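Coordinate inspection notes
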Amino acid sequence: AQRVTQPEKLLSVFKGAPVELKCNYSYSGSPELFWYVQYSRQRLQLLLRHISRESIKGFTADLNKGETSFHLKKPFAQEEDSAMYYCALRDQGGKLIFGQGTELSVKP
Amino acid sequence: NAGVTQTPKFQVLKTGQSMTLQCAQDMNHNSMYWYRQDPGMGLRLIYYSASEGTTDKGEVPNGYNVSRLNKREFSLRLESAAPSQTSVYFCAGRTANTEAFFGQGTRLTVV
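What this report covers is the structure whose coordinates are included nearby.

Turning next to the overall build of chain A. Of the regular secondary structure elements, chain A holds zero helices and eleven strands. Reading the helices (α) and strands (β) of chain A from amino to carboxyl end gives β-β-β-β-β-β-β-β-β-β-β. With the principal axes as the frame, chain A shows a C-alpha extent of 40 × 30 × 25 Å. Across the 108 residues of chain A, 47% fall into the buried class.

This brings us to the interface of chain A and chain B. Accessible area lost on assembly of the parts is the figure often given for the size of an interface. The partner chain B presents 21 residues to the 17 residues of chain A that form the contact. With both chains or domains summed, chain A and chain B bury close to 1700 Å², and 53% of this area falls on carbon and sulfur atoms. The three residues of chain A that bury the most area against chain B are Arg43(A), Leu44(A) and Leu96(A), which together make up 30% of that side's buried surface. Taken together, the connections running from chain A to chain B amount to zero salt bridges. Our count for the contact surface shared by chain A and chain B stands at eight residue pairs in polar contact (both at pLDDT 80 or more). Those elements that provide at least two residues to the side of chain A that touches chain B are strand 5 (32-38), strand 6 (45-49), strand 9 (83-90) and strand 10 (96-98) of chain A. Element by element, the count of residues in the side of chain A that touches chain B is highest for strand 10 of chain A, at three residues.

Residue and element names in this part refer to chain B. On the basis of which strands lie adjacent, the open sheet formed by four strands has the order 1-3-8-7 and antiparallel pairing. Two strands in the sheet have a free side with no partner beyond their single neighbour: strand 1 (4-7) and strand 7 (65-68). Recorded for the sheet is a direction-independent mean angle of 15 degrees between the axes of neighbouring strands. Here strand 3 (residues 19-25) pairs with strand 8 (residues 74-78) via three bridges, running antiparallel. Within strand 8, the position partnered with Met19 by the bridge is Leu78.

Next up on the list: unusual backbone geometry. Each neighbour pair has its own omega, and for Thr7(B) with Pro8(B) the value is -5 degrees, a cis peptide bond. Position of Pro8(B) among the secondary structure elements: in the loop between strand 1 and strand 2 (10-13). Positive phi, normally seen in glycine, also occurs at Arg41(A), with a value near 65 degrees. Along the chain, the position of Arg41(A) falls in the loop between strand 5 and strand 6. At Lys57(A), a residue that is not glycine, the phi angle is positive and equals roughly 55 degrees. In this fold, Lys57(A) is placed in the loop between strand 6 and strand 7 (60-61).

Taken as a whole and judged by the stated rule, the model has seven salt bridges over all chains. Here Asp38(B) and Arg44(B) are joined by a salt bridge, their closest N and O atoms 2.9 Å apart. You'll find Asp38(B) and Arg44(B) in the same group, each marked buried. A network of salt bridges, in which partner residues are shared, links Glu20(A), Lys22(A) and Lys73(A).

Right, let's get into the sheet that holds strand 3 (residues 19-21) of chain A. All names here are of chain A. With antiparallel pairing, the three strands of this open sheet are ordered in space as 3-8-7. Unpaired on one side and paired on the other, strand 3 and strand 7 mark the two borders of the sheet. Bridging between strand 7 and strand 8 (residues 72-74) involves two bridges; their strand directions are antiparallel. Directly across from Thr60, in strand 8, lies its bridge partner Lys73.

Our next topic: the environment of Tyr35(B). In this fold, Tyr35(B) is placed in strand 4 (residues 31-38). Taking the C-alpha atoms as reference, Tyr35(B) lies 9.8 Å from Ser87(B); in sequence the two are 52 residues apart. Once you skip the residues sitting within four places of it in the chain, Tyr35(B) turns out to touch Leu96(A), Phe98(A), Leu43(B), Arg44(B), Leu45(B), Ile46(B), Val88(B), Tyr89(B), Phe90(B), Ala92(B) and Phe102(B). One polar contact links the side chain of Tyr35(B) to the main-chain carbonyl oxygen of Leu96(A), over a distance of 2.6 Å.

Cut-offs applied
- Residues numbered from 1 in each chain as written.
- Chains lettered and ligands numbered in written order.
- Predicted model: local features only at pLDDT ≥ 70, side-chain atom pairs only at ≥ 80, totals over all residues.
- Heavy atoms only, no water.
- Helix = DSSP H or I, 4+ residues; strand = E, 2+ residues; numbered from the N terminus.
- Buried < 20%, exposed > 50% of the residue type's maximum accessible area, 1.4 Å probe, protein only.
- Contact = heavy atoms within 4.5 Å.
- Buried area = accessible area lost by both parts, 1.4 Å probe.
- Salt bridge = Lys/Arg side-chain N within 4 Å of Asp/Glu carboxyl O.
- Polar contact = N/O pair within 3.5 Å; in protein donor to acceptor, adjacent residues only side chain to side chain.
- Pairing = 2+ DSSP bridges.
- Axes fitted to C-alpha atoms, helices over the stretch in contact; angles between N-to-C directions.

Put into structure tokens, the structure is as follows:
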């Protein structure tokens, strides 16, 4: 069965430090992977998807099929990056599965 | 443009009561989803509907039923609420090759 694992519940860094939020998945087919973000008291919104290979708000994520990972990275964290981050996988049947989420706290 | 709208935003139920959470979208989504969000558990898929007239179970369907009334609406029903169903519920919609758009959530407490 497909599964998305985010091993860190909480990640705390100082402003300007690099950030890496880990995501691993298990899926036998060709998944589509996403990162969603939820700022305080707001609804979830898409941050980026692997097929776009884009950088949003300084964040990037590369799909590593060999390691079945899709880690989210940013070289210099900002205070406004503090939020809950969810990694998600969409299978070929349309099911959208999320990981447990990682709370990122960026301290001044 | 309302997007994905959930009603109600807050609800308190007594154990054993029933209720329906409503979700409506005006974005012409084919697929719609219901999730529950619990601390440390992330978002868990309850049910989803890949298209009008079809529904499928997700990870945690027990205690819930859904209805895809038409393309716009996807409701979630709790027939006999239990304290374990205290959670924040999110509805989402998606069209092929696009991102999922979420509602603002319904905070449900079962006492």
